[in-house]
Every structure is written in C-alpha cells, then in structure tokens.
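Here is what each chain is made of, one letter per residue.
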Amino acid sequence: MVRKARVMRVSGEPGEEGVVEAARVLNAGGLVAFPTETVYGLGAVGLDADAVRKIFEAKGRPATNPVILHVADIEGAKRVVAEWPEAAQRLAERFWPGPLTIVAKKAAEVPSVVCAGLDTVAVRVPDHPVAQALLREVGVPLAAPSANPYTRVSPTTAEHVVRGMGGAVDLVLDGGPTAVGIESTLVSVVEDPPVVLREGMIGVMALREVVPDVQSSPSPVVLGDDRAHPSPGLAAVHYSPGVPVRLVEEVPDLVGGGVICRGSEVGAQTRATVRVLPDDAEGYARGLYSALHELEAIGVTEIAVVAPPRAPGWEAIWDRLRRSAGSEEGDDGQG
Ligand code: TXA
Ligand code: MG
C-alpha cells in the first residue's frame, strides 16, 4: 500500500503545534510541504545537502535543476549570497516579502546540490504567514521547489500535494489555497542589467519601476537534461497535467474532455466538464492550476483552454499555458 502523507492544519501563529512539529521534522533531515503565497513548496533544510537530495528524489527531479532557498527577510538572503548588488537591494526592498526570486552569486556555505553545481543561488522571502512562521521557527534557509512530481502542475492546495507526492513527504502543512497561484518571478542580478529568467505575476514593468533597465526573459532555448541549466526555461521536458492540454479560441464540444474558460466565455453549449475562471489576470492565475488539477483528478481525456487575452498582465499566464500545452515555445524544466 502507498504510504499516505501526514497533514496538519495551520494558520501561521507563532508557536502553533503544526509549525513546531514541521520544524522538528525539518531539523531531523525530513521533508515538509508548506504553503507560500504562490504555490506549495517541498521544503528541506537548505544547508543540509543530504536533506536537499531527498527533495530531488521525492520529485524525480534531475540534479541539474537548481532549487530556491526561502528565507525570512533580506538579512537572511544576504547570508546565502556572496554578492548583493544595488539592484538586488532595490528589488528586495520593493517586492519582499512577495512573489519574486532573486538569483545572485552563491555563498560558500550553500551546498552545491541546491544550486545544481552553478555558482549562483536563487533566494526569496515568501509572503505567507505559515511560511514566515516556519522559517522563523527553523531559523535556517529552506530549500523548496514546488511540491509536485517533476514536470507536473504545481500544487496550490494541500490536497494537490497529497495527491501528487503521497508518502514521499513526511508532513504537509495545510494553510488553505494559495493567493497568487503561479510560481514567483525569477530575476538574475548576476548580469548587469538584471534579466528575468521566469515570468511571474510581478511583471517586467513593475520591476522596471525600481530597476529601469531590467531585461525581459530571453526566448527559451531547448537543452537536454544533461547539464546544469543557466536559466530555467531550458530543459526539454514539459510542465503539464497528466492529460494533453491544448489552447483553443472558443469553448469546444468535447465528450469526456475538460474545458477551462473565463466567466465572460460561459454560455456556449458543450458536453465537456467546464471550469470557469475569473476574467481578471490575478483571479485567473489564482485559479488556473486548481482547475487543471481538478480536471485531471476527474479523469478527463484532454483539457481545452480557451485562450485568455493577449494583454499586459497576462504574460506569466501565457508562459504557463504554453508550457502546459507543450508548444515549442514552452519547453521547460521548472518541475
Ligand atoms: O513561487 C515559487 O518560486 C515556488 C515556491 C515554492 O517558492 N517555487 C518554485 O520552485 O517554483 P521550482 O524549483 O519549482 O522552480 C524554481 C526555478 C526552476 O526553474 C530553477 O531552474 C530556477 O528556479 N532556479 C533555481 N536556482 C537557480 C539558479 N541558481 N539560476 C537560475 N535558475 C535557477
Ligand atoms: Mg516547479
């Protein structure tokens, strides 16, 4: 029988039972899934190479794909980097805690397994009371990729984590559904000017308000999984639910299929199972992965996503939709 994950409900109050227990499991070298404002992370003590290796095993993630270190505040971030340029400081002051990850030169004490052998490290300060309470209770950086099996859709609820990871995780902290719904924006300050490596709900325009010359993400190049990826959009694997996803222009009639559309598109006759998302980009991002997970769990044969607006604010959503649909633009190894 498959071992089931242990789940504890938490709200993020200091000293809460679930948070204390999670810190105990982590300090003993275990894996704990916890909510952030973006998606659930699969955490291990980030300075413990053996613990971090367990993350890669549990996800089936290639050792060539580095993971993010989560810290409680800017001071915590500075302890895991060797260089902290002015641009990093400005971005951190403006957007942390929040859905922004900064890639900088790594400090010597960060184990190379975290960075997949690169000389850089990705670090962020999550804006979620449970993640914050946990980081403060543990007192060390937590390495945490999204808590999904490699190439599958990131989890936005504890239930998604349990279904995807099963007993491969020692404890799941259930803090309810996440607010942002897609992964953080990733920006490298190793280059000058800084460059966006993965789009997120903090768009390039917002970043440019504090660092005017930030470069938008380079067009993805497809590489194999045989070497460390200099940036995240580069692995020849898809990032998708277990069923085929395609983008369509209007609600199709699909027997046995699933459809994801926006409120303003409802009304068309279809025999598909329909999941309706809000018309605004923030609401759409918040609900997208849940809709994909639900349709997958129901057992639909395919998922048709009605193309959302090609408008400012929707860039990161388009990035994830292309990855899910596996178009040539969307190959990715973010896992
Ligand atoms: O919102 C998020 O970022 C979530 C939550 C849990 O914090 N985490 C997340 O982690 O999405 P993950 O591992 O699924 O995606 C991290 C991405 C990967 O594409 C990885 O290649 C990239 O960040 N990355 C990590 N370290 C890097 C580095 N040193 N240089 C370039 N890219 C890096
Ligand atoms: Mg991921």
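In this numbering scheme, every chain counts its residues from 1 along its sequence in written order. Chain A is the first chain written and ligand 1 is the first ligand written, with later ones labelled in order. In keeping with the predicted nature of the model, local features appear solely for residues at pLDDT of at least 70, side-chain atom pairs appear and are counted solely at 80 or more, and the whole-chain, interface and lining totals rest on all residues. Water and hydrogen atoms play no part in the side-chain values, which are based on all heavy atoms of the structure.

*Asks:* Where do I start with the nonpolar core in this structure?
*Replies:* Side chains that are nonpolar tend, in soluble globular proteins, to be buried together. Among buried residues, those of type Ala, Val, Leu, Ile, Met, Phe, Trp, Tyr and Cys that are joined through side-chain atoms within 4.5 Å constitute a nonpolar core. Whether a residue is buried, partly exposed or exposed follows from its accessible area with a 1.4 Å probe, protein chains only, as a fraction of its type maximum: under 20%, in between, or over 50%, in that order. Ranked by size, the top nonpolar core spans 52 residues in total, and within it Trp 84, Leu 91, Trp 96, Leu 100 and Ile 102 carry the most contacts. Elements supplying a minimum of two residues to this core: strand 3 (40-45), helix 2 (49-59), helix 3 (74-78), helix 4 (86-95), strand 5 (100-105), strand 6 (120-124), helix 6 (158-165) and helix 7 (204-208). Residues Leu 277, Ala 285, Ile 303 and Trp 318 belong to the second largest nonpolar core, which totals 24 residues. Strands are runs of DSSP state E lasting at least 2 residues, helices are runs of H or I lasting at least 4, and numbering of each runs from the N terminus.

*Asks:* Would you mind going over the sheet that holds strand 9 (residues 185-188) with me for this structure?
*Replies:* Strand pairing in a sheet relies on backbone hydrogen bonds, with the paired strands running either antiparallel or parallel. Pairing between two strands requires that DSSP report at least two bridges joining them. Ordered in space as 1-8-2-3-7-4-6-5-9-10, the 10 strands form an open sheet in which the pairing is mixed. Of all strands in the sheet, those bounded by a partner on one side alone are strand 1 (7-9) and strand 10 (195-198). As judged from the two bridges shared by strand 2 (residues 32-35) and strand 8 (residues 171-174), these two strands associate in the parallel manner. Across the sheet, the residue bridging to Val 32 is Leu 171, located in strand 8.

*Asks:* Looking at this structure, I do not really get the pattern of salt bridges. What am I missing?
*Replies:* A side chain with one charge can pair with a side chain of the opposite charge if their charged atoms come near. One side-chain nitrogen of Lys or Arg within 4 Å of one carboxyl oxygen of Asp or Glu is enough to make a salt bridge. Counted under the stated rule, the structure contains 19 salt bridges. With a closest N to O distance of 3.4 Å, Arg 262 and Glu 265 form a salt bridge. For the pair Arg 262 and Glu 265, a shared accessibility class is recorded, and that class is buried. Each of the salt bridges in this network shares a partner with another, and the network as a whole consists of Glu 183, Asp 319, Arg 320 and Arg 323.

*Asks:* Hey, could you run me through the side chain of Glu 265 in this one?
*Replies:* Tracing the sequence through the fold places Glu 265 in the loop between strand 12 (258-262) and strand 13 (273-277). The term polar contact refers here to a pair of N or O atoms within 3.5 Å; inside protein, the definition further demands a hydrogen-donor-capable atom paired with an acceptor-capable atom, and it admits residues adjacent in sequence only when both atoms are side-chain atoms. A distance of 2.7 Å separates a polar side-chain atom of Glu 265 from the backbone nitrogen of Arg 262. Residue contacts for Glu 265: discarding those within four places in its chain leaves Val 251, Val 306 and Ala 307. A contact between two residues is defined here by any heavy atoms of the two lying within 4.5 Å.

*Asks:* For this particular structure, what's the right way to read the packing of aromatic side chains?
*Replies:* To describe a pair of aromatic rings, one takes the distance between the centres and the angle between the planes. Aromatic contacts are taken between Phe, Tyr and Trp rings whose centres are within 6.5 Å, Trp giving its six-membered ring; a plane angle under 30 degrees counts as stacked, one over 60 as edge-to-face, and the others as tilted. Within the structure shown, the criterion is met by two aromatic pairs. The interplanar angle of 35° and the centroid separation of 6.0 Å between the aromatic rings of Trp 84 and Trp 96 together place this pair among those described as tilted. Of this pair, Trp 84 sits in the loop between helix 3 and helix 4 while Trp 96 sits in the loop between helix 4 and strand 5, and the two are 12 residues apart along the sequence. Across the pair, exposure class does not vary: Trp 84 and Trp 96 are buried alike. With a centroid separation of 5.2 Å and 65° between ring planes, the pair formed by Tyr 284 and Trp 314 is classed as edge-to-face. Of this pair, Tyr 284 sits in helix 8 (residues 281-298) while Trp 314 sits in the loop between strand 14 (303-306) and helix 9 (315-325); the two residues are 30 residues apart in sequence, bridging distant segments of the chain. For the pair Tyr 284 and Trp 314, one class covers both residues: buried.

*Asks:* Would you mind going over the packing of helix 8 against helix 9 with me for this structure?
*Replies:* Relative orientation and spacing of two packed helices are given, respectively, by the angle between their axes and the distance between those axes. Interhelical geometry of helix 8 versus helix 9 gives an angle of 20° and a closest axis separation of 11 Å. On the basis of their axis angle, the class for helix 8 and helix 9 is roughly parallel. When you trace helix 8 past helix 9, the crossing you get is left-handed. The residues of helix 9 that touch helix 8, namely those facing Ala 281, Tyr 284, Ala 285, Leu 288, Tyr 289 and Leu 292, are Ile 317, Arg 320, Leu 321 and Ser 324. Polarity classes work like this: nonpolar for Ala, Val, Leu, Ile, Met, Phe, Trp, Tyr, Cys and Pro, charged for Asp, Glu, Lys and Arg, and polar for all others, with Gly in that last group. A breakdown of the residues in the contact of helix 8 with helix 9 according to their chemical character gives eight nonpolar, one polar and one charged. The axes are straight lines fitted to the C-alpha atoms, using for helices just the contacting stretch, and the angles between their N-to-C directions are given from 0 to 180°. Orientation is classified from the angle alone, with under 35 degrees giving roughly parallel, over 145 giving roughly antiparallel, 65 to 115 giving roughly perpendicular, and any other angle giving oblique. By convention the crossing between two helices is left-handed if the near helix lies anticlockwise of the far one by an angle smaller than a right angle, and right-handed if it lies clockwise.

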